[in-house]
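# Overview (structure and organization)
Below are the chains, spelled out letter by letter.
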There are 2 protein chains.
Amino acid sequence: MNRDDLAVLTFRLSRRLLAIEQPILDRHGVPMWSYAVLTALSEGPTRSQASLATAIGADKTRLIPVLDDLQRRGLISREPDPTDRRVRLLSLTESGQRIHGTIHTEIRAAENALLSDLPQADREAFVRSLIRLSPR
Amino acid sequence: MNRDDLAVLTFRLSRRLLAIEQPILDRHGVPMWSYAVLTALSEGPTRSQASLATAIGADKTRLIPVLDDLQRRGLISREPDPTDRRVRLLSLTESGQRIHGTIHTEIRAAENALLSDLPQADREAFVRSLIRLSPR
DNA sequence: TATTGTTATACTCTATAACTATA
DNA sequence: TATAGTTATAGAGTATAACAATA
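To keep things clear, this report deals only with the structure shown in the data block. (Residues numbered from 1 in each chain as written. Chains lettered and ligands numbered in written order. Predicted model: local features only at pLDDT ≥ 70, side-chain atom pairs only at ≥ 80, totals over all residues. Heavy atoms only, no water.)

If you check the shell around DNA strand C, you find 17 residues, and the closest are Arg-62 and Arg-86 of chain A together with Ser-48, Gln-49 and Arg-88 of chain B. In this structure, a phosphate oxygen belonging to DNA strand C sits 2.5 Å away from a side-chain N or O atom of Arg-62 of chain A. One of the side-chain nitrogen or oxygen atoms of Arg-78 of chain B is found 3.0 Å away from a phosphate oxygen of DNA strand C. Where the surface near DNA strand C is concerned, the elements lending two or more residues are α4 (60–72) and β3 (84–92) of chain A together with α3 (49–55) and β3 (84–92) of chain B. Considering only residue class, the surface near DNA strand C consists of four nonpolar, four polar and nine charged. (Near = heavy atom within 4 Å. Polar contact = N/O pair within 3.5 Å; in protein donor to acceptor, adjacent residues only side chain to side chain. Helix = DSSP H or I, 4+ residues; strand = E, 2+ residues; numbered from the N terminus. Nonpolar A, V, L, I, M, F, W, Y, C, P; charged D, E, K, R; others polar.)

Here it is, written out as structure tokens:
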């Protein structure tokens, strides 16, 4: 079969998904990296900003303004660890949990709409394979 | 099932594929955008640089240095259209065809190695779905 | 006047290195 | 002295706007 390279196809889909999500994020005033942080913290609190940075594949320096903004808006809690005051303990506030849940639900709905183009068997195989091919 | 967003998974795979291809491209001294141009032209000559740019999802201005380099290395032909001298006719030289073929073969081999992690049925469904979900 | 290609410039994103505070 | 976080700066990549040639 004469198809494009996998990298091209994947890159194209990646851009398409981003374009689908952007309006949702815009509507909630949450930039993509902020959403990535909310998602990471929704799985549990994090000790140290550096570990959060590597967890979401970002640089620790470019996380700072993101965390500043989330904190200013009351979406995360960010306090020095009493046992080692160099470290910041990060977690979602109630408000942060709520906004993450809302956005996440909307994004999933949009993604499912996209996937509904596929026959069910392919859809399942696609998601399963994607998970397998994209380890952290 | 509790999985990451599709956008995250796709982005992760995209980066992984890029990391796999980079050493191959480096070995041949061909940057990614140059390879994109070679690939586009391997499907046939192009009339006008602007149409080539949109075809590969690039900006026409950032194509210029790419084309300059490919031309200097004798991999593409780039001549004014005699019927409209504003337009440049672009095509691969023999040398350009050869290097594209070599790189393309190596990249496909690397991609197939990656896909071989998957059971055959999933592999086929994955590629089929990816093509369907990433229209130009 | 409109269009193709080119150049120059500005802007965004990201990474590097230096600095502060805690240990 | 070493580490977490922060700030300042520089670099790459990209897009915007002005320009030259041709129609």
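What follows covers the sheet that holds strand β2 (residues 76–81) of chain B. All names here are of chain B. Taken in spatial order, the three strands make up an open sheet running β1-β3-β2, and their pairing is antiparallel. A single partner strand is all that each edge strand has here, and the edge strands are β1 (46–47) and β2. In this sheet, β3 lies alongside β1 in antiparallel orientation, the contact comprising two bridges. The residue bridging Arg-47 from the neighbouring strand is Leu-89, located in β3. Docked against the sheet, helix α2 (residues 32–42) engages β1, β2 and β3, running at close to 95° with respect to β3. (Pairing = 2+ DSSP bridges. Contact = heavy atoms within 4.5 Å. Axes fitted to C-alpha atoms, helices over the stretch in contact; angles between N-to-C directions.)

How two helices pack is summed up by the angle between their axes together with the distance between the axes. It is the contact of helix α6 (residues 120–133) of chain A with helix α6 (residues 120–133) of chain B, at a shortest axis distance of 8 Å, that shows an interaxial angle of 100°. Between α6 of chain A and α6 of chain B, the angle falls in the class roughly perpendicular. Packed against α6 of chain A, whose contacting residues are Asp-122, Ala-125, Phe-126, Arg-128, Ser-129, Leu-130 and Leu-133 of chain A, the element α6 of chain B presents Asp-122, Ala-125, Phe-126, Arg-128, Ser-129, Leu-130 and Leu-133 of chain B at the interface. For the contact of α6 of chain A with α6 of chain B, the class distribution of residues is eight nonpolar, two polar and four charged. (Parallel < 35°, antiparallel > 145°, perpendicular 65-115°, else oblique.)

In the region of DNA strand D, 17 residues are neighbours, and Gln-49, Ala-50 and Ile-64 of chain A together with Arg-62 and Arg-85 of chain B sit closest. The sugar-phosphate portion of DNA strand D accounts for 67% of its atoms within 4 Å of the protein, the bases making up the rest. Separating a phosphate oxygen of DNA strand D from a backbone N or O atom of Ala-50 of chain A is a distance of 2.9 Å. Contacts to DNA strand D include Arg-62 of chain B, whose side-chain N or O atom sits 2.4 Å from a phosphate oxygen.

Note that every value here comes from positions in space, so none of it alone points to a role or purpose.
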